[in-house]
Amino acid sequence: MQAVVALRRRKHEGLTERVALRRGPFLLLWLLLTGLAGAQAPEQVAPGVWFLLGEASKGYSNTTVIEMKDYLIVVDANYPGRTKELMALMPTLSPKPVRYVFDTHAHGDHSYGNSTWTKAGATTMAFTGVAKEMDRWEPGRWQTFGERREDVRATGEHDVERPKKIIAGDKFVLNDGQREVDFLFLGWGHTPGDGYVWLPKERVLATGDAAVNGPRNKLADAWIANWPRVLDKAIALQPTAVLPGHGERGGVEILSGQRQFLIDLYAAVGVEVAAGKRGAEISVTLPARDTNWVPKDLALDIESTTAEIVGKAPAGGLPHVWK
Ligand SMILES: [Zn+2]
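Residues numbered from 1 in each chain as written. Predicted model: local features only at pLDDT ≥ 70, side-chain atom pairs only at ≥ 80, totals over all residues.

Student: Even after reading the chapter, I still don't get the sheet that holds strand β6 (residues 123-127), so can you show me in this structure?
Tutor: Strand pairing in a sheet takes place through backbone hydrogen bonds and is either antiparallel or parallel in direction. Taking strand neighbours across the sheet as the criterion, the 7 strands line up as β1-β2-β3-β4-β5-β6-β7 in an open arrangement whose pairing is mixed. Looking at the sheet topology across the chains shown, the edges are occupied by β1 (43-46) and β7 (165-167). Taken over all neighbouring pairs, the strand axes of this sheet differ in orientation by 25 degrees on average, direction set aside. Together, β6 and β7 form the strand contacts of helix α6 (residues 128-137), whose direction differs from that of β6 by roughly 95 degrees. (Pairing = 2+ DSSP bridges. Helix = DSSP H or I, 4+ residues; strand = E, 2+ residues; numbered from the N terminus. Axes fitted to C-alpha atoms, helices over the stretch in contact; angles between N-to-C directions. Contact = placed C-beta atoms within 7 Å.)

Structure representation (C-alpha cells):
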C-alpha cells in the first residue's frame, strides 16, 4: 500500500504534495481507493476549482468541482461507477457537501450517475434541451448501451433519472457573494442542450463535450454547421482555462481546434456531396491542424455530416441510430 502512495506522489508531484500536507488522511484514503485503478489526482485550476480527468478506458467523462461558500458544485454526473469514486474523493478536496450536479448534456457518460447523486442529497440540474433529449432517446440508449455496463446495471434502474432542476432560458447564475458561477446555453452544437459552466472572475470554462481535447467526440446528435458558431461565443468569453468533457485541460486552443475540425469536416464532406457522392463513396482527408480531433473511424462523423448536408437539417434532428 505504501508503495502505491509513493508512486502516485512521484507521478503528480506539485499539487498532490501540497494537498497531501493539508488533507493527508483523506488523500491517503482516496489514493488507496483509486490509485490501483489508474485514476489521476485532481488538478487545481484556480483556488477552490478542480479538474478531474475521467478514465477513458472506462468511458468516464471529466469532472469539474467548484467550491462555494457552503457547498460544492459538480459538473457532470458521469457514469454511476465514477460517481461513486467522485463521492469518495470529495472529502480530499473540501469538507463541504455537494449541493448541485450539472449535466452538460444528455449522454450517458455525463448523466447516468444522476440518481446516485440524488440519493446522496445533491440536486441534479440541466438545461431544458437536456431533458428533451432524454425524453427523445431514453430509455432506449440506457437499455441498449447503458446496461452493458456493470455500474449502470448495478443501479437496478432502467432509465436515466431526469435532472431535478430544469433550467429554462439560456442562463442561470449561482452567486453566493464569494463566487459567481454562470451556467450558459450558447446554442445547439454537440447536442441540443449543451450547457457550459463559466466562472467569470477566474475565467475558467467547463465545456462538456461541446469541446473535447482529442478524438473522442460523436456527432450523431449535433448540429454540425451551427456548432462552430456556438464555439465562437465560447471563445468570445476569453477563458484562460478550458476544461473539456474528455481529454486533458488546456486553453482556448481546445475551443478553436474543435471548431476548426468541424468547419474542415463540413467543408470536405460538402465537396463530396456536391460531386454526387454518397455513403461509402465519400472519403475526406483533413488538414494536419485537425489531427487531434480526428477519430480512428471517421466514417461515423462523415455519415452524420452527410446526413445534415443532404437532409438540410441538423444531423441530430434527423432520425438516426446511436452507434
Ligand atoms: Zn462524453
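Once the structure has been displayed, the description carries forward.
Student: Sorry if this is basic, but what is going on with the sheet that holds strand β9 (residues 180-185) here?
Tutor: Across the sheet, 5 strands lie side by side as β8-β9-β10-β11-β12; this open sheet has mixed pairing. Of all the strands in the sheet, just β8 (171-175) and β12 (241-244) have a single pairing partner and so form its edges. When strand polarity is set aside, the average angle formed by the axes of neighbouring strands in this sheet is 15 degrees. The pairing of strand β11 (residues 204-208) with β12 spans 4 bridges and is parallel. By the bridge assignment, Gly-208 is partnered in β12 with Pro-244.

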